[in-house]
Structure formats: structure tokens, C-alpha cells
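Structural features, examined
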Amino acid sequence: MSTSVSAAPPAPPDQSPPAKSRPPAGPRSGKARAWGTRAPLLPALVFLIAVTQLPFVATLFISLFDWNSLNPDARSFSGLENYGSVFSDADLRDSVFTTMLLTATVVIVSVVLGLLLALLLNQRFAGRGLVRTLLITPFLLVPVSAALLWKHVLYNPEYGLLNGGWAWFTGLFGVENASQPDWISDMPLLAVEASLVWQWTPFMMLILLAGLQSRPLDMMEAARLDGANAWQMFAFLTLPHLRRYLELGVLLGSIYIVQNFDAVFTITAGGLGTANLPYTIYQTFYQAHEYGLASAAGVVVVIGTIVIATFALRVVSSLFSEEARRA
């Protein structure tokens, strides 16, 4: 008997259309996607350029002219002559020195006091939150309001609180009816510096307190177990850790104090050797009507601020990189 084996019929061919392969994204599509993500930011960028950069370009242009608004027809191109006057004019040179002295004094004293207050607030005690809020309050005041507070409530020779305290202090030593000092007239630059230190110490305190609370606790505990005392832990662990935060506080404080105008204008009106560079620019522009010279001095201030801000941004970037590595 013969067995016949029938071959299986061949499978029908696949009738489905071949899948379309997606072409790889080219450089044009990548650029379009990048512009699509940036497009919502374009109005803000245009507004920022219109508000900040265009006035600065106009200031650069005006600084190249000998331009007095009282005699506008005599306006003439002077090149870099105004910049030479900024560094050669005696009043402007004195204002640059006053600005440097004012900035250095306020920043150094604010950092020292801010560090002491940060070390205090880093400890646990009853009412720490309330104390922290009260210490931050001076930084939240409007600068003109803070200057008016110091000028009238504290410095006034007739009813100021400092004179009342001075009379009480001299009375402890049996000195009655002691002469009351006129704080603004007798020590004008110190009066301005004291008001700025009072206002900027909370800012330094907040930065340094953030640095203290970011210390590695395991390292601090290991040093404590090894027998290190409080001073050794502060000098060899806490202070090196706070170096970046100290640099950041000094740089940011310098940026703001260099540009300070409110305290000088309100307390002393720029008199008695307290005129810093921003106040001198104000006098040159609004009182002497020298637009070109005032614009040149303003450009010098902006360039100096940009240099300081560049270092500040580098410090901030290094802080973020350090925190990222630690995480």
C-alpha cells in the first residue's frame, strides 16, 4: 500500500504595506525644537533689552560728548575726554575714594556682625524663630525709610535716642548736662556707615546661616568625638566651610553698597566729605547739568559693578557645583 504525502500549501504573502521608517531628525528640526522652547521667553528678553541695554547704549553715546543742558547748541564730540576727567577731576577722585572706604567699612563690619548673629541663631533656644524674624526686619525696610529713621529718630541732636543714651551714660560717671554731640556734623561718614551696617547685617546673617546649616554633620560629630573643642571646630571645620559663603556675601554686599545713594542723600545730602560716586553723578547731572561727564562716571560705575558681579556669579556657580557633588 502506498502512502501519498501531500505538500503543505505555501503561506500567502504578507499583504500589509511596509512600515514607513521615520527619517532621522536633522539639524533643522533640532533648531526648530530649540526655538520652540525659547519662544515663550522672547517677549521677556525683548523687554529686558529695551529697559536695560538700550539706555546703557544711550549713556555710552552721551558720554562721548561735551554736553551741558544749559547750553545745548555748544554740544560737541569729545571722545574719551570725559573719562579722563572722571579720574583727574578732584571732586570725582575724592568721591571714588569715599565710595571705596564706605563700601569696605560697611561690608567688613556687616560680615563680622552677620557671622556672630548666624552663630547665635544656629543654636537651639526658646524663641529662636521670633529673634530671627526681628533680626531680618532692618533688611526689609525701604532704604530711604531706614535712612530717615536713623537721621531723625537716632541722630537728631535735640530729641534723638542716641543723645538720650549719651546723657544717661555720662550721668553714670557724675557728669551732668554734658554737651550733646551732633552725630551727623561731628562724624558724618561714620553716621552713614552705621545706618548701612544696620541695614545690611541681616543680609550677611542669612547667607552665613545658610552656610552653617549646610555643614556635614557627620564630620562635626567625628571631630567632637575626637576631642576637638568649640574653637578648634570653628577654626578648622566651620570657617573653611563658610569660605564660599563669606565670599558670596562680600561680593553681593559690595555690588549694592557701591551703588548706594539713599543713605548719603538722606542723611548728609553729600556734604561733609560723604559724597560717594553715585551722589556725585547725581550732582553732576541734575545740578551741574553736565550730561556727558555724568554719563561717563555712570559707565565707570557700571563697569566696576559688572566686574564684581562676575566674581559673584563664579562663586555662586561653585557653590551650586559643590552642593551637586555632595548630593
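Rules of the game
Residues numbered from 1 in each chain as written. Predicted model: local features only at pLDDT ≥ 70, side-chain atom pairs only at ≥ 80, totals over all residues. Heavy atoms only, no water. Helix = DSSP H or I, 4+ residues; strand = E, 2+ residues; numbered from the N terminus. Buried < 20%, exposed > 50% of the residue type's maximum accessible area, 1.4 Å probe, protein only. Contact = heavy atoms within 4.5 Å. Areas by Shrake-Rupley, 256 points an atom, 1.4 Å probe, with all protein chains shown as cover. Lys, Arg positive; Asp, Glu negative; His and termini not counted. Salt bridge = Lys/Arg side-chain N within 4 Å of Asp/Glu carboxyl O. UniProt positions renumbered as here; feature names shortened; annotations may be inferred. Core = buried A, V, L, I, M, F, W, Y, C linked by side-chain atoms within 4.5 Å. Phe/Tyr/Trp six-rings, centres within 6.5 Å; stacked < 30°, edge-to-face > 60°. pLDDT = per-residue confidence, 0-100. Axes fitted to C-alpha atoms, helices over the stretch in contact; angles between N-to-C directions. Parallel < 35°, antiparallel > 145°, perpendicular 65-115°, else oblique. Left-handed = near helix turned anticlockwise from the far one by under 90°. Nonpolar A, V, L, I, M, F, W, Y, C, P; charged D, E, K, R; others polar.

Each helix and strand in the protein was counted, giving 15 helices and 2 strands. Within the span of the protein, comprising 327 residues, buried residues form 32% of the whole. Expressed as a percentage of contacts within the protein between residues at least 6 apart in sequence, the contacts between residues at least 24 apart total 70%. For the protein, the accessible area works out to roughly 20,800 Å², and carbon and sulfur atoms hold 68% of it.

Below, the discussion takes up the side chain of Glu-193. Structurally, Glu-193 can be placed in helix H9 (residues 188–213). No salt bridge forms around the buried Glu-193; measuring N to O, its nearest opposite-charge neighbour Lys-151 is 18 Å away. Ignoring anything within four residues of it in the chain, the contact list for Glu-193 reads Leu-101, Leu-102, Thr-105 and Val-106.

Here we take up the UniProt feature "transmembrane region" (unreviewed entry) in the protein. Feature annotation in UniProt assigns "transmembrane region" (unreviewed entry) to the following positions: residues 41–65, 96–121, 133–153, 189–212, 248–272 and 292–316. With 84% helix and 4% strand, residues 41–65 has its two end C-alpha atoms placed 36 Å apart. Helix makes up 100% of residues 96–121 and strand 0%, whereas the separation of the span's terminal C-alpha atoms amounts to 37 Å.

Once their charged atoms are close, side chains differing in charge can pair, the charge on each being opposite to the other. In this structure the tally under the stated criterion is 2 salt bridges. With a shortest N-O distance of 2.8 Å, Glu-221 and Arg-224 are connected by a salt bridge. Residue Glu-221 and its partner Arg-224 are both found in helix H10 (residues 217–225); the two are separated by 3 residues, about one turn of the helix. Of the residues examined, Glu-221 reaches a relative accessible area of 36% and is grouped as partly exposed. With a relative accessible area of 46%, Arg-224 lands in the partly exposed category. Note that Glu-247 is salt-bridged to Arg-243, the shortest N-O span being 2.9 Å. With a gap of 4 residues between them, Glu-247 and Arg-243 both fall in helix H12 (residues 243–258), about one helical turn apart. Residue class for Glu-247 comes out partly exposed when judged on its relative accessible area of 27%. Overall, Arg-243 belongs to the partly exposed group, its relative accessible area being 43%.

We now examine the nonpolar core. Counting 41 residues, the largest nonpolar core has Leu-102, Val-106, Ala-118, Tyr-155, Val-192 and Leu-196 as its most contacted members. At the level of secondary structure, the elements contributing two or more residues to this core comprise helix H4 (90–121), helix H6 (143–154), helix H8 (183–186), H9, H12, helix H13 (262–268) and helix H15 (291–326). With 13 residues, H9 is the single largest residue contributor to this core. Sequence-distant contacts of Leu-196, defined by excluding residues within four places in its chain, comprise Leu-102, Val-106, Asn-260 and Ala-263. Ala-294, Ala-296, Ala-297 and Val-299 belong to the second largest nonpolar core, which has 11 residues in total.

Attention now goes to the packing of aromatic side chains. By the definition in use, this model includes 19 aromatic pairs. When the centroid spacing of 5.2 Å and the interplanar angle of 20° are considered together, the rings of Phe-261 and Phe-265 count as stacked. On the numbers, 5.7 Å between centres and 80° between planes, the contact of Phe-265 with Tyr-282 is edge-to-face. Of this pair, Phe-265 sits in helix H13 while Tyr-282 sits in helix H14 (residues 277–287), and the two are 17 residues apart along the sequence. An aromatic cluster of at least three residues, connected via ring pairs, comprises Trp-67, Phe-261, Phe-265, Tyr-279, Tyr-282, Phe-285, Tyr-286 and Tyr-291.

A word on the confidence of the model for the protein. In the predicted model, the protein carries a mean pLDDT of 80, and the fraction of residues at 70 or more is 84%. Considering only residues more than four positions removed or in separate chains, one finds that residues 1–7, a stretch of pLDDT under 50, has 0 contacts.

Another point: the packing of H10 against helix H11 (residues 230–241). Axis separation between H10 and H11 bottoms out at 11 Å; the angle between their running directions is 155°. The angle between the axes of H10 and H11 places the two elements in the roughly antiparallel class. Regarding H10 and H11, the two cross each other, and that crossing is right-handed. Contact residues: H10 offers Met-219, Met-220, Ala-223 and Arg-224, while H11 offers Met-233, Leu-237 and Thr-238. Across the contact of H10 with H11, the residue classes break down as 5 nonpolar, 1 polar and 1 charged.

Within the fold, Ile-257 resides in helix H12. The exposure class of Ile-257 is buried, given its relative accessible area of 2%. Along the backbone, Ile-257 and Thr-103 are 154 residues apart, and their C-alpha atoms lie at a distance of 5.5 Å. Those residues in contact with Ile-257 that lie beyond four places of it in its chain are Leu-102, Thr-103, Val-106, Val-107 and Trp-200.

Our next topic: the environment of Val-86. Considering the arrangement of structural elements, one finds Val-86 in helix H3 (residues 81–88). Its relative accessible area of 1% is what places Val-86 among the buried residues. A sequence separation of 211 residues divides Val-86 from Ala-297, and the C-alpha atoms of the two residues are 6.1 Å apart. Contacts of Val-86, omitting those with residues within four sequence positions, involve Leu-92, Arg-93, Leu-293, Ala-296, Ala-297 and Val-300.

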